[in-house]
Amino acid sequence: MQDIKDKGILYVVSGPSGAGKGTICSAIRSIYPELNYSISMTTREPRIGEKEGISYFFRTNEQFEELISTDSFLEYAKVYDHYYGTPKKPVLDLINDGQSVLLEIDIQGAMKVKEQYPQGVFIYVVPPSLATLSKRLYGRGTDTEDVIQRRLSEITKELSMAHKYDYIVVNDVLDIAVRKTCAILEAEKCKLSRNENQVETIFSQYINKEVSSK
Ligand code: 5GP
């Protein structure tokens, strides 16, 4: 019998800026090196230490808009004046090939992915309090006062989107948040609906009594 692969899983980690989704995703990537990570495209300037094709694909507005016009994004959004987008083809090719992909994107983008690909797993990362969020945004030292204030003012609207997700991870103690995220990944991998072909292959051996030893 020919094995037909089940599709890979699209994991979407999202949440307010400063929730710690980047840190959680870095930990997940080192725990699951086989998990594909989608490198986003952006029109913002690279920060110190960021590398083309590793942190992001850095593009001009014109280049980005050209790609929008050719429907090359699974989703894209304007986040604080800059475009960010997930290149469509590499993600869908991997999923169709049975490989799973992790996206770390903002809330607008996650909702667009959900419209197009509702069978994805949508994980909302939230900081334990507004005070913690504010401390993290100031602490990481990457944004101006103006940007931080805008990010904080978006929080009420962003929190109201949480109920559209499948899972919520409160990122208070990082290790615990990472452990919870791993548990979500593992549980989703075991869902019967995601393993129909594999189950069929295994069960058919029992039915056909394909016993090799003895
Ligand atoms: P940063 O500029 O700090 O790297 O990212 C700003 C925000 O953009 C973060 O919330 C990050 O998750 C989000 N982001 C990064 N890549 C993408 C993407 O491909 N699509 C969308 N919609 N948001 C993204």
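Preceding this section is the structure that the text describes.
Predicted model only: the values in this text are computed from it and were never measured.

A. Seen up close, the nonpolar core. Ranked by size, the top nonpolar core spans 20 residues in total, and within it Tyr-11, Ile-28, Leu-35, Leu-102, Ile-123 and Leu-185 carry the most contacts. Looking at this core, the elements that each hand over two or more residues are β1 (10-14), α1 (21-31), β8 (121-126) and α8 (174-189). Other than its neighbours up to four places away in sequence, Leu-102 contacts Tyr-11, Val-13, Cys-25, Ile-28, Arg-29, Leu-35, Asn-36, Tyr-37 and Ser-38.

B. Local environment of the sheet that holds strand β7 (residues 101-104). Taken in spatial order, the five strands of this open sheet run β2-β7-β1-β8-β9, and their pairing is parallel. The two strands at the open ends of the sheet, each matched to only one other strand, are β2 (36-37) and β9 (167-170). In this sheet, β9 lies alongside β8 in parallel orientation, the contact comprising four bridges. Counted as the bridge partner of Val-125 is Val-169 from β9. Contacts from helix α3 (residues 88-96) reach β1, β2 and β7 within the one sheet, and its direction differs from that of β7 by about 145°. Taken strand by strand, α8 contacts β1, β8 and β9, and its axis lies near 160° from that of β9.

C. Up close: the sheet that holds strand β4 (residues 57-58). Spatial ordering of the open sheet is given by β4-β3-β6-β5, a layout of four strands whose pairing is mixed. Looking along the sheet, the strands with just one partner apiece sit at the ends: β4 and β5 (73-79). Pairing of strand β3 (residues 41-42) with β4 involves two bridges; the strand directions are parallel. Paired with Thr-42 across the strands is Phe-58, a residue of β4. Contacting β3, β5 and β6 (82-87), helix α2 (residues 61-69) runs over the sheet at an angle of about 45° to β6. Against the sheet, α3 engages β5 and β6, with an angle of about 30° to β6.

D. Region of interest: the site of the ligand. Looking at the ligand, there are 15 residues lining it, with Ser-40, Arg-44, Tyr-56, Tyr-84 and Asp-106 nearest. A distance of 3.4 Å is found between an oxygen atom of the ligand and a side-chain nitrogen or oxygen belonging to Thr-86. At 3.3 Å, a side-chain N or O of Glu-104 approaches an oxygen atom of the ligand. Considered on its own, the ligand offers 510 Å² of accessible surface; in the complex 94% of this is hidden by protein. At a threshold of 2 Å from the grid points, most atoms of the ligand map onto the largest pocket. Of all the elements in the fold, those that place two or more residues in the shell around the ligand are β5 and β6. A class-by-class count of the residues in the shell around the ligand yields five nonpolar, four polar and six charged.

Criteria and thresholds
Residues numbered from 1 in each chain as written. Predicted model: local features only at pLDDT ≥ 70, side-chain atom pairs only at ≥ 80, totals over all residues. Heavy atoms only, no water. Core = buried A, V, L, I, M, F, W, Y, C linked by side-chain atoms within 4.5 Å. Buried < 20%, exposed > 50% of the residue type's maximum accessible area, 1.4 Å probe, protein only. Helix = DSSP H or I, 4+ residues; strand = E, 2+ residues; numbered from the N terminus. Contact = heavy atoms within 4.5 Å. Pairing = 2+ DSSP bridges. Axes fitted to C-alpha atoms, helices over the stretch in contact; angles between N-to-C directions. Near = heavy atom within 4 Å. Polar contact = N/O pair within 3.5 Å; in protein donor to acceptor, adjacent residues only side chain to side chain. Areas by Shrake-Rupley, 256 points an atom, 1.4 Å probe, with all protein chains shown as cover. 1 Å grid on protein atoms, 1.4 Å probe; cavity = no way out; pocket = protein on both sides within 12 Å on 5 of 7 lines; lining within 4 Å. Sits in = over half its atoms within 2 Å of the grid points. Nonpolar A, V, L, I, M, F, W, Y, C, P; charged D, E, K, R; others polar.

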